[in-house]
Amino acid sequence: MRVGLLGTGRIGSFHARTLARHPDVTHLLVSDAVPGRAEETARTLVHETAAVTALTGVDEMFAAAPDAMVIATATDSHADLIARCARAGLPAYCEKPIALDVAGTLRALAEVREHGTALQLGFQRRFDGGYVAAREALRSGRLGFVHTIRTTTSDAAPPPAAYVPTSGGLYRDCMVHDFDAIRWVTGREVVRVHAVGSNLGEPFFAEAGDVDSAAAVLTLDNGTLATCTATRYHQAGYDVRMELAGSRDQLVVGLGPRAPMTSAEPDSAAPPEAPWRDFLARFRSAYIAELDAFLLVARGRRASPCTGEDALAALLIAEACELSRATGSPVDIAELLKDTAADPMEALR
């Protein structure tokens, strides 16, 4: 296959190496908005299996007519690029989110549906071994009925101040991964949220209307309760976990030898010597697996494992959290939909 890659920043350069080494990729075309960055990426991959060519921009990329497109550009460009791929008949993989609002997400999904192209969104936790095992355990009944779910996502260090105003905020940028994981692991939908947030660190989060720490209580459609917490400050390391508390047993994702945690119990193990430092280290194998899946999707050999509708559902939860934080009250997802000009549920159907 000839695969196009738009965006060669941190995650884009990781994807570039993965694709250049993939046995089914014969030619990788790369492009980036920052002058010289695509060329540098191509130079670093000169010894990989696939031929790698740097192109000057988006128009040249589409003119080159690759067989599939991977989008790892700035968030505000995702929706337009997804729509352009759809109009060109190209299967597309895109890092989350589709857009930072429901309206932009719906417009992009309408193009995908109109042209009948494949779209896969980058929620990599669906490909992590721990989350896969948790999903299988829950659905097999081994845990009994699951009454409570607890998730946490803690960054080892806050992002640059310039990133925050365009990030979409902690719920949309960070916790949306937890929201998607809850839906995927349980197979249930979130019907109500109650969210709060705080700022105890650098002032640039509050200045951008964001929070550096947040918590949300989600109610699922079968009554299961989920508590989700996140923070930008956890110097001990990058910490991502999910706990499934069932009537028979409890299962934890992310509780391994590199989990950046210290037990207060006497005679417990010492803190890890090499804790997870960032998302690329923690989910390296998952990122590789999701692109392997996308190449199967692009060739028509499997359905998308994470659709645009999945991304929309996770975004709606994040939107409800933002509204709940602003109002101080619980928000029903159904009520949120009533205030939306378009009908997201129609897209979900």
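Up top is the structure.
Residues numbered from 1 in each chain as written. Predicted model: local features only at pLDDT ≥ 70, side-chain atom pairs only at ≥ 80, totals over all residues. Heavy atoms only, no water.

Trainee: Just checking my understanding: could you explain the packing of helix α5 (residues 102-115) against helix α11 (residues 308-327) for this structure?
Mentor: Angle between the axes and distance between the axes are the two parameters that describe a pair of packed helices. Direction vectors running N to C along α5 and α11 enclose 170°, while the axes themselves pass 11 Å from each other. The angle between α5 and α11 places the two elements in the roughly antiparallel class. Between α5 and α11, the residues in contact are V102, T105, L106, L109 and R113 and G308, E309, L312, L315, L316 and E319, respectively. In terms of residue class, the contact of α5 with α11 is made up of 6 nonpolar, 2 polar and 3 charged. (Axes fitted to C-alpha atoms, helices over the stretch in contact; angles between N-to-C directions. Helix = DSSP H or I, 4+ residues; strand = E, 2+ residues; numbered from the N terminus. Parallel < 35°, antiparallel > 145°, perpendicular 65-115°, else oblique. Contact = heavy atoms within 4.5 Å. Nonpolar A, V, L, I, M, F, W, Y, C, P; charged D, E, K, R; others polar.)

Trainee: Explain the pairing of strand β1 (residues 2-6) here, please?
Mentor: For a regular strand, the rule is simple: side chains alternate between the two faces of the sheet. Counting buried positions along β1 gives 4 out of 5 residues, so the element sits mostly inside the fold. Relative to strand β2 (residues 27-31), β1 runs parallel, the two sharing 5 bridges. When the bridges of β2 are listed, L5 appears paired with V30. Where β1 meets strand β4 (residues 68-71), 4 bridges bridge the pair, whose relative direction is parallel. Opposite L6, over in β4, you have I71 as the bridge partner. (Buried < 20%, exposed > 50% of the residue type's maximum accessible area, 1.4 Å probe, protein only. Pairing = 2+ DSSP bridges.)

Trainee: Explanation requested: the nonpolar core in the structure shown.
Mentor: Grouped burial of nonpolar side chains is what soluble globular proteins tend to show. Membership of the largest hydrophobic core comes to 104 residues, with the highest contact counts inside it found for L28, Y131, V193, L218 and M242. When residues of this core are assigned to their parent elements, the largest contribution, 10 residues, is made by helix α7 (residues 170-186). Every residue in contact with L218, bar those within four places of it in the chain, is listed here: F179, I182, V190, R192, V193, T224, L225, A226, C228, I317 and C321. (Core = buried A, V, L, I, M, F, W, Y, C linked by side-chain atoms within 4.5 Å.)

Trainee: How do you make sense of the sheet that holds β4 when you look at a structure like this?
Mentor: Within a beta sheet, neighbouring strands are joined by backbone hydrogen bonds and run either parallel or antiparallel to one another. Spatial ordering of the open sheet is given by β3-β2-β1-β4-β5-β6, a layout of 6 strands whose pairing is parallel. Since the sheet does not close on itself, it has two edges, and those belong to β3 (51-54) and β6 (119-122), each with one partner. Each strand of the sheet is rotated relative to its neighbour by a mean of 20°, with strand direction disregarded.

Trainee: Explain the sheet that holds strand β9 (residues 213-220) here, please?
Mentor: If you trace the 7 strands from one edge of the open sheet to the other, you get β12-β11-β7-β10-β9-β8-β13, paired in mixed fashion. The open sheet terminates on both sides in strands that have one partner only, identified here as β12 (250-253) and β13 (331-332). The pairing of strand β11 (residues 239-246) with β12 spans 4 bridges and is classified as antiparallel. Directly across from A245, in β12, lies its bridge partner Q250.

Trainee: In this structure, what is going on with the pattern of salt bridges? I would like to understand it.
Mentor: Two side chains of opposite charge can pair, provided their charged atoms sit close to one another. Under the defined criterion, the tally for this structure stands at 26 salt bridges. Linking R17 and E48 is a salt bridge whose minimum nitrogen-to-oxygen distance equals 2.9 Å. Here E48 lies in the loop between α2 (37-44) and β3 and R17 lies in helix α1 (residues 10-21), a separation of 31 residues in the sequence. Notably, a salt bridge pairs D239 with R241, separated by 2.7 Å at the nearest N-O pair. Each member of the pair D239 and R241 is classed as buried. Within the structure, one salt-bridge network assembled from shared partners comprises R126, D180, R183, E189 and D310. (Salt bridge = Lys/Arg side-chain N within 4 Å of Asp/Glu carboxyl O.)

Trainee: Would you mind showing me how to read the environment of Y163 here?
Mentor: Tracing the backbone shows Y163 in the loop between β7 (146-154) and α7. Expressed as a C-alpha distance, the spacing of Y163 and A311, which sit 148 residues apart in the sequence, is 21 Å.

Trainee: Would you take a moment to explain unusual backbone geometry for this structure?
Mentor: With glycine set apart, most residues show a phi of negative sign, and most peptide bonds adopt trans. In this structure, the amide linkage connecting K96 to the following residue, P97, adopts the cis form with an omega of -5°. In this model, A65 sits at a positive phi of 50°, which is unusual for a non-glycine residue. Note that A65 resides in the loop between α3 (58-63) and β4. At D267, a position not held by glycine, the phi torsion is positive, near 65°. Considering the arrangement of structural elements, one finds D267 in the loop between β12 and α9 (279-282). What makes D267 exposed here is its relative accessible area of 83%.

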